[in-house]
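Report on the structure
Chain residues, written in single-letter form:
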Amino acid sequence: RDRFSGGLHGVGVSVVNALSSSLKAEIKRGGKKYSIEFKNSEKSKDLKEIDSVGKKNTGTKVTFLPDPDFFDSVNISTTQLSLALKAKAVLCPGLTINFNDEISGKKETWCFLEGLAAYLLKSNEGGQLIPLEPFEGDHIVDEGGLTWAIQWVNGIENPLSESYVYLIPTPQGGTHVSGLRSGLTDALKEFCEFRNLLPRGLKLSPDDVLGNCCYVLSSKLMDPQFSGQTKERLSSRQCALFVGGVVKDEFSLWLNQHTSEAVSYTHLR
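Residues numbered from 1 in each chain as written. Predicted model: local features only at pLDDT ≥ 70, side-chain atom pairs only at ≥ 80, totals over all residues. Heavy atoms only, no water.

A few words now on the nonpolar core. Residues Leu146, Ile150, Leu180, Leu184, Leu188, Phe251 and Leu255 are the most contacted members of the largest nonpolar core, which totals 32 residues. Those elements that provide at least two residues to this core are β8 (144-154), α4 (175-194), α5 (206-210), β11 (213-221) and α6 (237-257). For Leu184, the residues in contact, after removing those within four places along its chain, are Phe135, Ile150, Trp152, Val209, Cys213, Val247 and Phe251. Listed in part, the 18 residues of the second largest apolar core include Ala117, Leu120, Ala149 and Tyr164. (Core = buried A, V, L, I, M, F, W, Y, C linked by side-chain atoms within 4.5 Å. Buried < 20%, exposed > 50% of the residue type's maximum accessible area, 1.4 Å probe, protein only. Helix = DSSP H or I, 4+ residues; strand = E, 2+ residues; numbered from the N terminus. Contact = heavy atoms within 4.5 Å.)

Written out as structure tokens, the structure is:
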């Protein structure tokens, strides 16, 4: 079991059931298969054993129908759902996720064996890239973990900028993204100052460094804190320092190992 977790949303199947006209859960565990059903949030059939399965055959299947009394539309956004499922596959290299829309007949399968860098490269196809291969890495210690892929790109629309905490998307960013910004900026400042690459009196700002920057950032924390119940923004204060320190050290090392690409980038900016 992973020692890091994004924590619970505080809702789960209980709220799904409360907002559904019907819900059925089937559970395979310990060589047996169980079932329980609900109607209008109330239990309609008790939990009971319905079949036998192999001991290694485990899992849970939940089937539900949204209650029209609570929604303007009971249609589920397949676009949003497929994006969320794809993100889980990206963040868990080697995990295969299958999506089957029985209404439209659309089927999709995602499995990213090469992780974040391959995902970022795919998104940036057709653009002018620096570096040609993303700056990527991972760092796992007792207090947290960090995995990233970063690339600068021109010539494409809507460049990718995605951040996550564990498997939770944080579309509004937060302290982990702030740490990424500061780490990249501090490392590039030191690189430029040491080699006298900037005109006298000119200073780099985070906006200079983050311009045209594409990234996928995945953080893991022991006890993450978020702004709001939907967890769209990370607010853990210690995360900015942790991410900033890791990214600065790793990017400084990368810059000094890839000097020609680093100098090309500073001239471009």
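After that view, the rundown keeps rolling.
Turning our attention to the packing of aromatic side chains. Within this structure, the stated rule accounts for 7 aromatic pairs. With centroids separated by 5.7 Å and ring planes inclined at 75°, the aromatic side chains of Phe112 and Tyr119 adopt a geometry described as edge-to-face. A ring pair is formed by Trp152 and Phe251, whose centres lie 5.9 Å apart and whose planes are at 25°; its orientation type is stacked. With a gap of 99 residues between them, Trp152 in strand β8 and Phe251 in helix α6 connect regions that are remote in the sequence. Of the residues examined, Trp152 reaches a relative accessible area of 6% and is grouped as buried. Site record: aromatic cluster; members linked through ring pairs are Phe135, Trp148, Trp152, Phe251 and Trp254. (Phe/Tyr/Trp six-rings, centres within 6.5 Å; stacked < 30°, edge-to-face > 60°.)

The next point concerns the sheet that holds β11. The strand order across the open sheet formed by 5 strands is β7-β8-β11-β9-β10, and the pairing between neighbours is mixed. For this open sheet the edge positions go to β7 (128-141) and β10 (168-169), each flanked by a neighbour on one side alone. Strand direction decides the pairing type here: strand β9 (residues 161-165) and β11, joined by 5 bridges, are parallel. Paired with Glu162 across the two strands is Val216, which belongs to β11. Along the sheet, helix α3 (residues 116-123) makes contact with β7, β8, β9 and β11, crossing β8 at roughly 20°. Here α4 sits on the sheet and contacts β7, β8, β9 and β11; the angle it forms with β11, its principal contact strand, is near 125°. (Pairing = 2+ DSSP bridges. Axes fitted to C-alpha atoms, helices over the stretch in contact; angles between N-to-C directions.)

A few words on the pattern of salt bridges. Once the charged atoms of two side chains with opposite charge are near each other, the side chains can pair. Under the definition given, this model contains 9 salt bridges. With a shortest N-O distance of 3.6 Å, Glu26 and Lys33 are connected by a salt bridge. Looking at Lys33, the relative accessible area reads 23%, which means it is partly exposed. When the shortest N-O distance is used, the salt bridge between Lys248 and Glu190 registers 2.9 Å. Separated by 58 residues along the polypeptide, Lys248 in helix α6 and Glu190 in helix α4 bring together distant segments of the chain. Relative accessible area serves as the criterion here: at 25%, Lys248 is assigned to the partly exposed category. Assessed through its relative accessible area of 41%, Glu190 is described here as partly exposed. Connected through salt bridges with shared partners, the residues Lys24, Glu37 and Lys45 form a single ionic network. (Salt bridge = Lys/Arg side-chain N within 4 Å of Asp/Glu carboxyl O.)

Here Ile130 and Pro131 are connected by a cis peptide whose omega angle stands at -10°. Structurally, Pro131 can be placed in strand β7. The phi dihedral of Tyr166 falls on the positive side, at around 55°, and the residue is not glycine. Classification of Tyr166 by relative accessible area gives partly exposed; the value is 23%. Of note in this structure, Asn212 is not a glycine but carries a positive phi near 65°. Relative to the helices and strands, Asn212 is located in the loop between α5 and β11.

Where β7 meets β8, 10 bridges bridge the pair, whose relative direction is antiparallel. By the bridge assignment, Leu129 is partnered in β8 with Val153. Hairpin geometry of β7 and β8 is characterised by an intervening segment of 2 residues between the two adjacent antiparallel strands.

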